[in-house]
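Take a look at the letters that make up each chain.
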Amino acid sequence: MPVSVPKWLMAEVRQAKRGQDAENITHTAGLLSDLKLSTVCESARCPNRGECFSHNTATFLILGEICTRGCAFCAVKRGQLLGLPDEGEPERLAQAVVTLGLRHVVITSVTRDDLSDGGAGHYAEVVATLKKCCPDVKVELLIPDFGGSSEALGTVLATRPDVLAHNLETVPRLYPHVRKGAEYKRSLKLLEKAKKFSPGVFTKSGLMLGLGEEDEEIEEVLWDLRGAECDMLTLGQYLTPSLAHAPVARYVIPEEFADWQQKALSIGFKSVAAGPLVRNSYKARVFFEEMR
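No experiment lies behind these values; they were computed from the predicted model shown. (Residues numbered from 1 in each chain as written. Predicted model: local features only at pLDDT ≥ 70, side-chain atom pairs only at ≥ 80, totals over all residues. Heavy atoms only, no water.)

Enquirer: Can you help me understand the pattern of salt bridges in this one?
Expert: As a working rule, side chains carrying opposite charge can pair if their charged atoms are close by. Within the structure shown, the criterion is met by 15 salt bridges. Across the pair Glu 217 and Arg 173 runs a salt bridge, and its minimum N-O distance is 2.6 Å. Of this pair, Glu 217 sits in helix α10 (residues 215–227) while Arg 173 sits in the loop between β7 (163–165) and α8 (175–178); the two residues are 44 residues apart in sequence, bridging distant segments of the chain. For Glu 256, the salt bridge goes to Arg 250, with nearest N and O atoms at 2.8 Å. Beyond isolated ion pairs, a larger network of salt bridges with shared partners links Arg 69, Asp 113, Asp 145, Glu 183 and Arg 186. (Salt bridge = Lys/Arg side-chain N within 4 Å of Asp/Glu carboxyl O. Helix = DSSP H or I, 4+ residues; strand = E, 2+ residues; numbered from the N terminus.)

Listed below in structure tokens is the structure:
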């Protein structure tokens with residue numbers, strides 16, 4: 001039996017989708033369309049799209065709109081014939097950042113197992129172009145696992161992003177069902193290596209709650225992340241994109257998110273954002289500046 005969405009959560013989702021400034025939403029969407037830029041806001045059907053576009057911000061999605069993995073929780077399209085990275089994308093993305101007046105930019109990508117470096121070189125081009133065009137902007141990268149390649153990770157870290165994020169997404173037990181093609185230990189190791197390679201870069205990860213995980217499993221993941229010296233954490237409610245995706249096992253009340261936030265802070269995370277509609281890039285600039 002499908003779990004019914006609570007009325008309070010439906011109200012929050014509707015408000016987030018509606019946003020606060022229709023004119024800004026139209027302006028941001030139009031700019032991204034004109035520059036042929038993709039966002040995870042649209043490709044992954046993020047419920048916060050309206051709210052973020054209202055504030056002239058978005059989470060950029062590079063390396064195309066088709067992923068080679070196809071996780072059971074994600075709305076991004078899956079495929080194999082993806083082609084080479086768009087050479088003009090770094091310049092267009094930098095242009096959007098300048099036009100929108102962003103001071104903190106979040107960039108993520110689809111997983112590109114078809115590329116020898118997983119797309120790491122393209123990430124480097126994007127960051128280099130950003131630093132050339134708008135050197136004062138803070139850069140936060142939400143990267144795939146690059147198949148566990150230390151070389152690819154090193155390529156990205158060499159660009160010296162301010163934040164290097166990689167989401168564990170869920171607890172190890174649920175990986176075979178929820179994250180086919182990914183490995184919990186590989187993802188955890190990536191965060192550990194990132195801190196070892198570049199101690200000055202803040203690391204960040206995120207979890208979705210409501211997929212069927214137990215409290216003890218959540219706590220174990222939090223300790224695993226702290227063991228990898230992960231600095232920042234986001235906790236949000238899993239919302240199924242369609243009937244073809246993994247179903248929601250339960251809806252977590254705001255009070256429980258608040259408890260997990262306090263728990264995570266107590267074990268050493270420097271920044272924790274937790275709530276039903278929190279996503280990895282949720283108010284990224286605010287939480288980064290508060291942590292600093």
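Enquirer: Whenever I open this one, helix α11 (residues 254–266) confuses me. Can you help?
Expert: Taking 1.5 Å as the rise per residue, α11 with 13 residues should run 18 Å; its terminal C-alpha atoms sit 18 Å apart, in good agreement. Every buried residue belonging to α11 is among Glu 256, Phe 257, Trp 260 and Ala 264, and all of these are buried. Looking down the long axis of α11, one finds its buried residues gathered within 100° of arc, a one-sided arrangement. Exposed residues pointing more than 90 degrees away from the buried face of α11 are listed as Glu 255, Asp 259 and Ser 266. (Expected span 1.5 Å × (residues − 1). Buried < 20%, exposed > 50% of the residue type's maximum accessible area, 1.4 Å probe, protein only. Arc of directions from axis to C-beta.)

Enquirer: So what exactly am I meant to see when it comes to the environment of Lys 131 here?
Expert: Checked against the element boundaries, Lys 131 lands in helix α6 (residues 120–133). Using a relative accessible area of 32% as the deciding quantity, one classes Lys 131 as partly exposed. Lys 131 has contacts with Thr 159, Arg 160 and Pro 161, leaving out every residue within four places of it along the chain. (Contact = heavy atoms within 4.5 Å.)

Enquirer: I'm lost on the environment of Ala 249 in this one. Help?
Expert: Along the chain, Ala 249 turns up in the loop between β9 (232–237) and α11. Of the residues examined, Ala 249 reaches a relative accessible area of 41% and is grouped as partly exposed. The spatial distance from the C-alpha of Ala 249 to the C-alpha of Lys 196 is 36 Å, given a sequence separation of 53 residues. With near-sequence residues (within four places) excluded, Ala 249 lies in contact with Val 3, Gly 210, Leu 211 and Gly 212.

Enquirer: How should I be thinking about the packing of aromatic side chains in this particular structure?
Expert: The geometry of an aromatic ring pair comes down to the distance between the two centres and the angle between the two planes. Applying the stated criterion across every chain, the model contains three aromatic pairs. Measuring from centroid to centroid gives 6.1 Å for Tyr 123 and Phe 146, while their planes differ by 90°, and the two rings are edge-to-face. One end of the pair, Tyr 123, is in helix α6; the other, Phe 146, is in the loop between β6 (138–142) and α7 (150–157), and 23 residues separate them in sequence. Each member of the pair, Tyr 123 together with Phe 146, is buried. Residues Tyr 175 and Tyr 184 carry aromatic rings whose centres are separated by 5.6 Å and whose planes lie at 90° to one another, so their mutual orientation is edge-to-face. A single burial state applies to Tyr 175 and to Tyr 184, both of which are buried. Above the plane of the ring of Phe 269 lies Arg 226, whose end atom (NZ or CZ) is 5.7 Å from the centre. (Phe/Tyr/Trp six-rings, centres within 6.5 Å; stacked < 30°, edge-to-face > 60°. Lys NZ or Arg CZ within 6 Å of the ring centre and 35° of its normal.)

Note that every value here comes from positions in space, so none of it alone points to a role or purpose.
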